[in-house]
Structure formats: structure tokens, C-alpha cells
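What follows is the residue order along each chain.
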Amino acid sequence: MKTKQCLVIGLGRFGTAVATTLYEMGHEVVAIDHNEENVERVMNLVTHAAVADASDERALRSIGVAEFDVVVVAIGTDVQANILATMNAKSLGAPYVVTKAIDEMARRVLERIGADLVIRPEHDMGVRLARQIATPNIVDTLDLGGDYAIVEIEANERLRGTLRDLNLTGRFGVQVIAVNRAGRVEVTPRAEADLRPHDKLVVIGTGHSLDELRRYLGE
Ligand code: ATP
């Protein structure tokens, strides 16, 4: 696994969890916050921690924001600071900026100003939990980042035929990577493999494309 250079801006509960977990996983993590106490708290848990105001373009430039593989803007409540930090990071050349939005309006603004990925942690976790509760045939979801996920979906009458004829990639933008039929698992199934109701399909795709497939199946 390639070590990533990560910059985490804002060390609340969310930012701290992101920064310390990335560091534990072996990545280089620089963490900044404008509050000195928060910086001290994570000092020994990341590669480097510093006090800085992320809404100040000069501060981000001197940190070398463009050199990081990933910048995570984990400021929530102060929407203005969040927007400025995201905008400055992008305009200074950061290749991939993930930012946290507190509501739908903030999400739209952040997307408009160029955030590569906008997440709403409470909302997204709520949706995920609800899906797990409401659709028990999705045994588990593995989020791959960048909005990609691997999920397990149960086939029904609407998915009869071979994978080639069903053309799930062309129709929904998803790929079946395994088929579990009553405990017998076929990994990377052939195009001729036929699906039957109650087969458990392990499918990879974006959140949107997986939702489309679920909708088609009437879940
Ligand atoms: P969480 O839910 O993760 O605890 P939150 O949204 O409640 O976060 P916020 O107060 O919005 O918390 O901000 C998270 C962190 O971002 C705080 O530690 C705060 O000090 C820091 N922060 C806010 N504005 C800036 C800024 N302009 N520059 C750097 N850090 C900032």
C-alpha cells in the first residue's frame, strides 16, 4: 500500500478520528486546527500537528497544501471557515479535497466550489444504518472511498438470465464480482453464468449505481 500524504484541517471529533486512524494505518498525517488545545491533544498521534487558521490562504500555502495527496476539511459548524478552507485548498492546487458539510445547502455550495468529495457524516451514517435495518438482504457494505462500495444484493425474478444478457454494467454501471448460491460461491463469474432468484450477488459500483440496481429490484 502506497503511503499517502494527508492533511486534516479541524480537529473536532470527526477530524481527530480521521487523522489518528490514517496515522495508525501508516500514512503521513499533518493535522491543523486554530485551537491550540486541540493541536496538543493529537500531537503524539499524528506525524505533525500545528496551530493554523485554515481560512487564511497564506497559512494553507505555507503548509504546502498542494503537496498532499488528500486534504480533509473537517470543520463543520463554522460554515464560512469550511467554505474558505475548501476553496483555498482547491485554488492552491490540492488534487483531492474531501470536505464535511453540516447540511444539504452547505453540501451544494461545497460541490460548486470544487470539493472532490462532500460528506455529511451524521446524515450518511443515518442513511447507511437505515438501509441496513430496512434491507436485511444487504448483508454488509464495504465502503471503498470515492463513493464506491461493495454490497451484497439478493437477486429476484427481475434478474433471470446470464450475466451477459442482463448487462448490469451497461444498464446500471455495476459489476458482479461474486455469486453465492446457497453457500456455493463463484468468484468473478463468467459472462455465461446464469442468475436465479435468491442468489446473493456481491456487487461493486458507485452509491448511485447500486441504488439504481436496488430500485430496479424493488427493494
Ligand atoms: P465534530 O463533530 O467533529 O466534533 P464539529 O463540526 O462539531 O466537529 P467544529 O467546531 O465545527 O466541530 O470544528 C471542528 C474543528 O475545526 C474544531 O476543533 C475547530 O477548532 C476547528 N476549526 C474551526 N475553524 C477553523 C479554522 N478556520 N482553522 C482551523 N481550524 C478550525
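Owing to the predicted nature of the structure, the values given are computational and were not obtained by experimental measurement.

On the surface, a cluster of nonpolar side chains totalling about 290 Å² of accessible area is made up of Leu142, Leu144 and Tyr148. On the basis of relative accessibility, which here comes to 43%, the residue Leu144 falls in the partly exposed class.

Quick look at the nonpolar core now. Burial of nonpolar side chains together is a common tendency in soluble globular proteins. Core analysis: the biggest nonpolar cluster contains 19 residues, and Leu159, Leu168, Leu201 and Leu213 have the highest contact counts within it. Elements that contribute at least two residues to this core include exactly strand 8 (148-154), helix 7 (163-166), helix 8 (168-172), strand 10 (175-181), strand 13 (200-206) and helix 9 (207-217). For Leu201, the contacting residues outside a window of four places in its chain are Val151, Glu152, Ile153, Ala155, Leu159, Val176, Ala178, Val179 and Leu195.

Another aspect to go through is the side chain of Asp199. One can find Asp199 in the loop between strand 12 (194-195) and strand 13. Discounting residues that sit within four places of it in the chain, Asp199 has contacts with Ile153, Glu154, Ala155, Val179, Asn180, Arg181 and Asp194.

Our focus in this paragraph is unusual backbone geometry. At Asn167, a position not held by glycine, the phi torsion is positive, near 45°. Mapped onto the fold, Asn167 is located in the loop between helix 7 and helix 8. At Thr188, a residue that is not glycine, the phi angle is positive and equals roughly 40°. Within the secondary structure, Thr188 is located in the loop between strand 11 (184-187) and strand 12. Under the relative-accessibility criterion, Thr188 is labelled exposed at 60%.

As a further point, take the UniProt feature "domain: RCK N-terminal" (unreviewed entry) in the protein chain. Look at the UniProt record and you will see "domain: RCK N-terminal" (unreviewed entry) annotated at residues 3-119. Strand forms 22% of residues 3-119 and helix 41%; the C-alpha atoms that close the span are 23 Å apart.

Moving on to the packing of aromatic side chains. Under the defined criterion, the tally for this structure stands at one aromatic pair. Between Phe172 and Tyr216 the ring centres are 5.2 Å apart and the planes differ by 50°, which places this aromatic pair in the tilted class. You can see Phe172 sitting in helix 8 and its partner Tyr216 sitting in helix 9, a full 44 residues away along the chain. Taking relative accessible area as the criterion, Phe172 reaches 13% and is therefore assigned buried.

Now for the site of the ligand. Neighbouring the ligand are 19 residues, the closest being Phe14, Asp33, Asn38, Asp53 and Thr77. With respect to the ligand, the backbone of Gly76 contributes an N or O atom lying 3.0 Å from an oxygen atom. The fraction of the free accessible surface of the ligand (640 Å²) that becomes covered by protein chains is 83%.

Moving on, we get to the sheet that holds strand 6 (residues 117-119). Across the sheet, which stays open at both edges, the six strands sit in the order 3-2-1-4-5-6 with parallel pairing between neighbours. This sheet does not close on itself; its edge strands, each paired only once, are strand 3 (48-51) and strand 6. The sheet shows a mean angle of 15° between the axes of neighbouring strands, direction not considered. Where strand 4 (residues 70-73) and strand 5 (residues 97-100) come together, three bridges link them in parallel fashion. Following the sheet pairing, Val71 is matched in strand 5 by Val97. Sheet contacts for helix 4 (residues 79-91): strand 4 and strand 5; angle to strand 5, the most-contacted strand, approximately 175°.

Criteria and thresholds
- Residues numbered from 1 in each chain as written.
- Predicted model: local features only at pLDDT ≥ 70, side-chain atom pairs only at ≥ 80, totals over all residues.
- Heavy atoms only, no water.
- Patch = residues over 30% accessible without salt bridge, like charges linked within 9 Å, V, L, I, M, F, W, Y side chains within 5 Å.
- Areas by Shrake-Rupley, 256 points an atom, 1.4 Å probe, with all protein chains shown as cover.
- Salt bridge = Lys/Arg side-chain N within 4 Å of Asp/Glu carboxyl O.
- Buried < 20%, exposed > 50% of the residue type's maximum accessible area, 1.4 Å probe, protein only.
- Core = buried A, V, L, I, M, F, W, Y, C linked by side-chain atoms within 4.5 Å.
- Helix = DSSP H or I, 4+ residues; strand = E, 2+ residues; numbered from the N terminus.
- Contact = heavy atoms within 4.5 Å.
- UniProt positions renumbered as here; feature names shortened; annotations may be inferred.
- Phe/Tyr/Trp six-rings, centres within 6.5 Å; stacked < 30°, edge-to-face > 60°.
- Near = heavy atom within 4 Å.
- Polar contact = N/O pair within 3.5 Å; in protein donor to acceptor, adjacent residues only side chain to side chain.
- Pairing = 2+ DSSP bridges.
- Axes fitted to C-alpha atoms, helices over the stretch in contact; angles between N-to-C directions.

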